[in-house]
Amino acid sequence: MAIPGYDSDTAAEDTLEQAGASIAVVAGVVPDEFGLAKSAIDPPIDALGDPVDVRGLDGLKAVEAIQFTLVYDPSELPPGASPTDVAVAVETETDAAGNGAGDRNWVPLESTVDLEETTVTAVLNDTPPGSTIVAGYDDSAE
């Protein structure tokens, strides 16, 4: 899985086939525990696939790019939703004061949808604000 603009030989990659998820990262340091695992948390109500945990994010150093690609189920989109209203969302925990402890909050990332493959991809130039990702319905443009 090549990240656009980066040499695929420099990317560390992992795939979690049972969840339809893959990740690639270009970084100066990639820890041995880096990879994907099925998440034990409940998906958000607007999820279009299974949540996936990204292991080893804290150990990444000098991140140039991270690419997440997730398979999604278009039949789970709400009636009237556009098939392009899909995004990779990352779970963050925030309390009322925004201190990082409390309710789960799913933040959509800027993403690209492949309608033929029914996948959604997000490319970041830094680590995400959380370590659990999911493909979800994104109505934030409404």
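Our subject in this report is the structure included herewith. (Residues numbered from 1 in each chain as written. Predicted model: local features only at pLDDT ≥ 70, side-chain atom pairs only at ≥ 80, totals over all residues. Heavy atoms only, no water.)

### Brief notes about the pattern of salt bridges
When the charged atoms of two side chains lie near each other, side chains of opposite charge can form a pair. The cut-off we apply is this: Throughout this description, the term salt bridge denotes a Lys or Arg side-chain nitrogen within 4 Å of a carboxyl oxygen of Asp or Glu. Under the scheme used here, helices are H or I runs from DSSP no shorter than 4 residues and strands are E runs no shorter than 2 residues, and both carry numbers assigned from the N terminus.
This structure, assessed with the given rule, holds one salt bridge. Where Lys-38 meets Asp-50, a salt bridge forms, and the shortest distance between an N and an O atom there is 3.5 Å. Taken together, the residues Lys-38 in strand β3 (residues 35–38) and Asp-50 in the loop between β3 and β4 (52–55) connect sequence positions 12 residues apart.

### Overview of the environment of Phe-68
The test is simple: In what follows, residue pairs with any heavy atoms lying within 4.5 Å of each other are defined as contacts.
Positionally, Phe-68 belongs in strand β5 (residues 61–71). For the pair Phe-68 and Pro-44, spaced 24 residues apart in the sequence, the C-alpha separation amounts to 18 Å. Once residues within four sequence positions are removed from consideration, Phe-68 is found in contact with Ser-22, Ile-23, Val-54, Val-88, Leu-109, Val-120, Thr-121, Ala-122, Leu-124, Pro-128 and Ile-133.

### Topic: the side chain of Thr-132
For clarity, the threshold we go by: Partly exposed residues are those whose accessible area sits between 20% and 50% of the maximum for their type, while under 20% is buried and over 50% is exposed, using a 1.4 Å probe and protein chains only. Between N or O atoms, a polar contact is any pair within 3.5 Å; within protein, one atom must be a potential hydrogen donor and the other a potential acceptor, and residues adjacent in sequence are included only when both atoms are from side chains.
Considering the arrangement of structural elements, one finds Thr-132 in strand β10 (residues 132–137). The exposure class of Thr-132 is buried, given its relative accessible area of 5%. Side chain to side chain, Thr-132 and Asp-53 meet in a polar contact 2.6 Å long. If sequence neighbours within four positions are ignored, Thr-132 has contacts with Ser-39, Ile-41, Pro-51, Val-52, Asp-53, Ala-89, Val-90, Glu-91 and Trp-106.

### Concerning unusual backbone geometry
Peptide bonds are trans in most cases, and residues, glycine excluded, mostly fall at negative phi. In the Ramachandran plot, Ala-62 falls in the positive-phi region, its phi being about 55 degrees despite a non-glycine side chain. Residue position: Ala-62 is located in strand β5. Residue Ala-62 is classed as exposed on the basis of its relative accessible area, which comes to 56%. Phi is positive for Thr-118, which is not a glycine, with a value near 45 degrees. Looking at the element boundaries, Thr-118 is found in the loop between β8 (112–114) and β9 (119–124).

### Regarding the nonpolar core
Taken as a class, soluble globular proteins show a tendency for nonpolar side chains to be buried jointly. Stated formally: For the purposes of this section, nonpolar cores are sets of buried Ala, Val, Leu, Ile, Met, Phe, Trp, Tyr and Cys residues that join through side-chain atoms within 4.5 Å.
By size, the foremost hydrophobic cluster in this structure holds 30 residues, and its most contacted members are Leu-60, Ile-66, Phe-68, Val-88 and Ile-133. Once residues lying within four places of it in the same chain are set aside, the contact partners of Leu-60 are Val-25, Ala-27, Val-29, Val-30, Pro-31, Phe-34, Ile-66 and Thr-127.

### Re the sheet that holds β5
Quick reminder of the rule: A pair of strands is considered paired only if DSSP assigns at least 2 bridges between the two. Every axis corresponds to a line fitted to the C-alpha atoms, with the helix fit spanning only the stretch in contact, and the corresponding angles, defined between N-to-C directions, vary from 0 to 180 degrees.
What the five strands build is an open sheet, ordered β1-β2-β5-β9-β8; its pairing is antiparallel. The outermost strands of the open sheet, each flanked by one partner alone, are β1 (12–16) and β8. Strand-to-strand twist across the sheet, computed as the mean angle between neighbouring axes with direction ignored, equals 15 degrees. Bridge count for β8 against β9 is three bridges, and the pairing is antiparallel. What sits directly across from Asp-114, in β9, is Thr-119.

Coordinates in, geometry out; function isn't part of it.
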